[in-house]
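Listed here are the chains, written in short residue letters.
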Amino acid sequence: MATVISIANGGFALNGAPTYPGRSWKGRRIEGLLFNSRMANAIADDENPATRGAWAYADGDWDAERNTREFVAALPSYRAHGLLAVCLNLQGGSPQGYSWNQPWRICGFAPDGALKSAWAARLEKVIAACDRLGMVVILGLFYGKQSGTLKDETAVKAAVANTVDWLLDTAATNVLIEIGNEVDLENVWAHPIIAAARCHELIELAKKRGQGKLLVSTSLIMLDAPPAAIVATADFLLPHGNRVHGAAGHFQPSPHGIRLQVARWRAASGYRGQPIVYNEDDHFEFDKSDNHFVAAVESGASWGFFDYRMSRERFEDGFQSLPVDWTISSVRKRGFFGLLKEITGA
């Protein structure tokens, strides 16, 4: 592998050099940050014949290999705009953006925790393509509504061990591990060991199994300080900004709320200077002088774009809703990548 991700001096480094070396924007330091975009379903497949037809392309049936192939083809464009990381998940993410009922079967693990070969092959293609471009994969293992695919706690631990072993066997050096997506979400986790109160056990397992070669964390959506046990074990911290809302409620951004969230996380018991990385936020307003992205940068935190196809939007919209147009094809995508390019000087 040509790209090695590490943490140094409270920030991220690629091959020993800080990310965005020497870069600042409007007086704010960019060096050491890791800007990213949530592409949770880039290697996904739906094994439920009753639902996979919903993801058909206009010109053909749903095709997991095509999905990954088109994603890989889009990576150079992302990198040219300054993006350094993409966020995937081995149990995907809701292909409708948000949905309580999720009947599809999107999971890269067998019930006993074995890593499915087809998923591993697609993941390997993405890791290799990112490696060539000097990019990082933030690899999520578990997603709430699909966690019941694993039959028990033993299978959950096996899934962690098998993923880590696979990453070591393939000599992947450009991967950060995210144990679970929003492990503090209520009533979605089939196995308590993944949820916030015990997730640190899986972080510790992954770190021990990784022999010090892999950086591990888990994401949370809470506004207040995360659990001390997670802060104590995680190599970096992964807040989400989805629930940081303005006075008008959902979809109303609150940049001040992001600043407050970062401050609270830094004040958490046991915090020891780990980098803070938003790897999911569905608030935009990229044309305004202040927004969630800007607020994170001003707070010294990395920020991640979460884009999904909203009601009555076109195929071109969204990076999570299946099927995906992976090109920078919508006003919202262009807004994010335009601001990213300005901030990073790409």
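Okay, so let's go over this structure.

Reading guide: rules and limits
- Residues numbered from 1 in each chain as written.
- Predicted model: local features only at pLDDT ≥ 70, side-chain atom pairs only at ≥ 80, totals over all residues.
- Heavy atoms only, no water.
- Pairing = 2+ DSSP bridges.
- Helix = DSSP H or I, 4+ residues; strand = E, 2+ residues; numbered from the N terminus.
- Salt bridge = Lys/Arg side-chain N within 4 Å of Asp/Glu carboxyl O.
- Buried < 20%, exposed > 50% of the residue type's maximum accessible area, 1.4 Å probe, protein only.
- Phe/Tyr/Trp six-rings, centres within 6.5 Å; stacked < 30°, edge-to-face > 60°.
- Expected span 1.5 Å × (residues − 1).
- Contact = heavy atoms within 4.5 Å.
- Axes fitted to C-alpha atoms, helices over the stretch in contact; angles between N-to-C directions.
- Parallel < 35°, antiparallel > 145°, perpendicular 65-115°, else oblique.
- Left-handed = near helix turned anticlockwise from the far one by under 90°.
- Right-handed = clockwise from strand over helix to strand, strands pointing away.
- Lys, Arg positive; Asp, Glu negative; His and termini not counted.
- Polar contact = N/O pair within 3.5 Å; in protein donor to acceptor, adjacent residues only side chain to side chain.

Further remarks concern the sheet that holds strand β2 (residues 11-14). The strand order across the open sheet built from three strands is β1-β2-β3, with neighbouring strands paired in antiparallel fashion. Looking at which strands have only one partner, the edges of the open sheet turn out to be β1 (5-8) and β3 (17-18). With two bridges connecting them, β2 and β3 associate as antiparallel partners. Each bridged residue has a counterpart across the sheet, and for Ala 13 the counterpart in β3 is Pro 18.

Turning next to the pattern of salt bridges. Under the counting rule described, the total for this entry stands at 22 salt bridges. Between Arg 264 and Asp 224 there is a salt bridge; the shortest N-O distance is 3.2 Å. Pair noted here: Arg 264 is in helix α6 (residues 255-266) and Asp 224 is in the loop between β11 (219-220) and α5 (228-233), with a separation of 40 residues, a long-range link. Judged by its relative accessible area of 34%, Arg 264 falls in the partly exposed class. Asp 224 gets classed as partly exposed once you look at its relative accessible area, which sits at 47%. Note that Arg 332 is salt-bridged to Asp 307, the shortest N-O span being 2.5 Å.

To continue, consider the packing of aromatic side chains. Enumeration over the complete set of coordinates arrives at 26 aromatic pairs. Taking 6.3 Å as the distance between ring centres and 50° as the angle between the ring planes, the aromatic pair formed by Phe 71 and Tyr 78 counts as tilted. On the numbers, 5.4 Å between centres and 15° between planes, the contact of Tyr 78 with Phe 337 is stacked. Here Phe 337 lies in helix α8 (residues 331-344) and Tyr 78 lies in helix α1 (residues 64-80), a separation of 259 residues in the sequence. Like Tyr 78, the residue Phe 337 is buried in the burial classification.

Below, the discussion takes up helix α2 (residues 117-133). The terminal C-alpha atoms of α2 lie 25 Å apart, and with 17 residues this matches the ideal 24 Å at 1.5 Å per residue to within 8%. Those residues of α2 that sit buried are Trp 119, Ala 120, Arg 122, Leu 123, Val 126, Ile 127, Ala 129, Cys 130 and Asp 131. Taken together, the buried residues of α2 touch α1, β7 (85-89), β8 (136-143), α3 (153-169) and β9 (175-181). With its phi angle positive at about 75°, Gly 134 sits one or two positions after the end of α2.

Let's shift gears to the packing of α3 against helix α4 (residues 199-209). Think of two packed helices as two axes; the pair is described by the angle between the axes and how far apart they sit. Two elements in contact, α3 and α4, have axes whose closest approach is 9 Å; the angle formed by their N-to-C orientations is 30°. Accordingly, the angle class assigned to the pair α3 and α4 is roughly parallel. Of the two elements, α3 crosses α4, and the hand of that crossing is right-handed. Contacts between α3 and α4 pair Val 156, Lys 157, Val 160, Ala 161, Val 164, Asp 165 and Leu 168 from the former with Leu 202, Leu 205, Ala 206 and Arg 209 from the latter.

Our focus in this paragraph is the pairing of β9. With respect to burial, β9 is a largely interior element, seven of its seven residues being buried. Both β8 and β9 contribute to a ladder of six bridges, which runs parallel. Its bridge partner being in β9, Val 137 is matched across the sheet by Val 175. Handedness of the crossover is the feature at issue here: the chain leaves β8, passes through α3, returns alongside β9, and the resulting connection is right-handed. Relative to strand β10 (residues 215-217), β9 runs parallel, the two sharing three bridges. Bridge assignment links Ile 177 to a residue of β10, and that residue is Val 216. What joins β9 to β10 is α4, and the crossover it makes is right-handed.

What follows deals with the pairing of β1. The pairing of β1 with β2 spans four bridges and is classified as antiparallel. Looking across to β2, one finds that Ser 6 is bridged to Ala 13. What sits between the antiparallel neighbours β1 and β2 is a turn of two residues, in which Asn 9 has the positive phi angle 55°.

Here we come to unusual backbone geometry. Of note, the amide linkage connecting Leu 322 to Pro 323 takes the cis form, showing an omega dihedral of -10°. For Pro 323, the position within the fold is in the loop between β15 (304-305) and α8. Here the phi dihedral of Glu 285 falls at roughly 55°; this positive angle occurs in a residue that is not glycine. Tracing the backbone shows Glu 285 in the loop between α6 and α7 (292-298). Glu 285 gets classed as partly exposed once you look at its relative accessible area, which sits at 28%.

Taken together, six strands build an open sheet; the order of strands is β10-β9-β8-β7-β6-β15 and the sheet is parallel. Edge positions in the sheet fall to β10 and β15, since each of these pairs with one other strand and no more. The sheet strands contacting α3 are β8 and β9, and the helix crosses β8 at an angle near 160°.

On to the side chain of Asp 282. Take Asp 282: it is sitting in the loop between α6 and α7. Despite being buried, Asp 282 has no salt bridge partner; Arg 243 is the closest side chain of opposite charge, sitting 9.3 Å away. At a separation of 2.6 Å, a polar atom in the side chain of Asp 282 contacts the side chain of Tyr 98. The contact partners of Asp 282, leaving out residues within four places of it in the chain, are Tyr 98, Asn 242, His 250, Phe 306 and Tyr 308.

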